[in-house]
Amino acid sequence: MTTLTERAAELLVAAHAFDPATPGFVGAALELPVAAAPSHRVPLRHGFLDGRSARVVVVSGPPSPGLPTAIERMTEDLAAMPTAGLAWPASAILRRPAAGPARLGADDEPAGAGSPACAGSGTGGVRVALEAGLDGGGPLGLSARWQLAHTLAPVLAAAFANSPLLGGEPSGWRSVRQARHRDRPVLPAGPDPRRAWASSVLDSPGRDGRTFRERARSAERPRRADAEPRLADAERPRLTDLAEHVESLRPPVAARGHLEIDVADRQPGSGWRVVVAVTSVLLDDPRAAAAAAKATAGLAAEPGLWERAARDALSDPVLAAAAREVFVEAYAALARHGVDRDLRDEVAEFTERYVMRGRCPADDVLGAHVIG
């Protein structure tokens, strides 16, 4: 089995970061709580369903030629879930507010994720997959899309925040899911997207708490001839270890050949459609992408922006101002492309109900908690 040095691992990750392609194809994946997740992959009409944990499944749609097709296919696959004996539970909110923000670890998830008490907690999200873009300049170039995805990510995370509960109680965060990224900078270090992604991968802790870079260096570190051999030093990481490490990472923006944007919490009802529509059009429409880049360019220098997005969401004035600009631009782009009226109305309703008022879906959950 192939073993890897630190340098070889970094080069491999960089080489496989992006498959340059013209923007246009759109994919989506929804994480949903269920009574019991299947132990095997379940094929649906277009995509498939996998168990992420005992009570959370991922419904993944195939890369589709354009937003309308991606939305239609995912809608049909979600409709097919009950025929497979799978459905997410009804919402229920518990009582008693917490005193302040809970400090969350990277793998925190409420117990009983499939129970009604998990409504508003960190049990699911909406991921959007888009083409990487082309090598070269312009708003649809790979480098520009990589940067825009990162400056836009905390804005979308704040707008779509909807996991304020932990164990059925207010956590102090609008998004428990995004609180794990509270110490993350807006932009990864380095101007080259491939190298920036590779460095991020190697410097991210794995399931054992060590980074892949630490594992590789430990294996390469010379030992005294009379020293007792240690398993960690004797075993160099293998190619399969690297593949598993990359797959286990869930940053807000990932390079998996394509761009993967994982910033939105699970939305009520068909709200996932708004997430996919707004995210895809702001990156794939050249005019919208240029406007979004201008609206979010200054966010890279904002201190603690991911913590603010997770804790304060759109009550943060900087995030709120950027969100207003990009959501208005997204609606205009959808209209230019002739996207169906129902979807445009959903985006307009979300923009009016939440974005223009400095609110997010988590505020509804917290309001219901107080009333209840």
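Provided above is the structure to which this section pertains.
> So, the packing of aromatic side chains: which residues are in play, and what are the values?
When we look at a pair of aromatic rings, we describe it by the centre distance and by the angle of the planes. For the coordinates displayed, the defined rule picks out five aromatic pairs. Note on F18 and W146: the rings are 5.5 Å apart at their centroids and 85 degrees apart in plane angle, and the pair reads as edge-to-face. Linking F18 in the loop between α1 (6–15) and β1 (25–33) with W146 in helix α3 (residues 142–159), this pair joins segments that are 128 residues apart in sequence. In this pair, the class of F18 matches that of W146, namely buried. Centroid distance F160 to F350: 5.0 Å. Interplanar angle 40 degrees. Geometry classified as tilted. Linking F160 in the loop between α3 and β7 (165–166) with F350 in helix α13 (residues 341–353), this pair joins segments that are 190 residues apart in sequence. Judged by its relative accessible area of 9%, F350 falls in the buried class. Cluster of aromatic residues (ring-pair linked, three or more members): F160, F327, F350 and Y354. Lying over the aromatic face of F48, R41 brings its terminal NZ or CZ to 3.6 Å of the ring centre.

> Give a detailed account of the pattern of salt bridges, specifying residues and quantitative values.
On inspection of all chains with the given rule, the structure shows 31 salt bridges. Note that R145 is salt-bridged to D284, the shortest N-O span being 3.0 Å. Taken together, the residues R145 in helix α3 and D284 in helix α9 (residues 272–284) connect sequence positions 139 residues apart. The two residues R145 and D284 agree in class, both being buried. In this structure, the salt-bridge partner of D262 is R177, at a minimum N-O distance of 3.1 Å. Taken together, the residues D262 in strand β10 (residues 259–265) and R177 in helix α4 (residues 176–179) connect sequence positions 85 residues apart. It is possible to trace a salt-bridge network through shared partners that takes in E31, R52, R127, R177, E247, R250, R256, E260, D262 and D265.

> Requested: an account of the packing of α3 against helix α10 (residues 286–296), with residues and values cited.
The interhelical angle for the contact between α3 and α10, taken along N-to-C directions, is 65 degrees, at an axis separation of 9 Å. Our classification of the angle between α3 and α10 gives roughly perpendicular. Between α3 and α10 lies a crossing of left-handed hand. Residues L148, T151, L152 and V155 of α3 form the contact with α10, whose participating residues are A289, A292, A293 and T296. Partitioned by chemical class, the residues of the contact of α3 with α10 number six nonpolar, two polar and no charged.

> Mind laying out the nonpolar core, listing which residues take part and the relevant values?
In terms of nonpolar packing, the biggest core is built from 91 residues, with F160, W197, V276, V278, L282 and F327 touching the most fellow members. Per-element accounting of this core gives the leading share, 11 residues, to α3. Residues contacting V278, with those up to four places away along its chain left out, are L156, F160, F327, A330 and V347.

Calculation notes
- Residues numbered from 1 in each chain as written.
- Predicted model: local features only at pLDDT ≥ 70, side-chain atom pairs only at ≥ 80, totals over all residues.
- Heavy atoms only, no water.
- Phe/Tyr/Trp six-rings, centres within 6.5 Å; stacked < 30°, edge-to-face > 60°.
- Helix = DSSP H or I, 4+ residues; strand = E, 2+ residues; numbered from the N terminus.
- Buried < 20%, exposed > 50% of the residue type's maximum accessible area, 1.4 Å probe, protein only.
- Lys NZ or Arg CZ within 6 Å of the ring centre and 35° of its normal.
- Salt bridge = Lys/Arg side-chain N within 4 Å of Asp/Glu carboxyl O.
- Axes fitted to C-alpha atoms, helices over the stretch in contact; angles between N-to-C directions.
- Parallel < 35°, antiparallel > 145°, perpendicular 65-115°, else oblique.
- Left-handed = near helix turned anticlockwise from the far one by under 90°.
- Contact = heavy atoms within 4.5 Å.
- Nonpolar A, V, L, I, M, F, W, Y, C, P; charged D, E, K, R; others polar.
- Core = buried A, V, L, I, M, F, W, Y, C linked by side-chain atoms within 4.5 Å.

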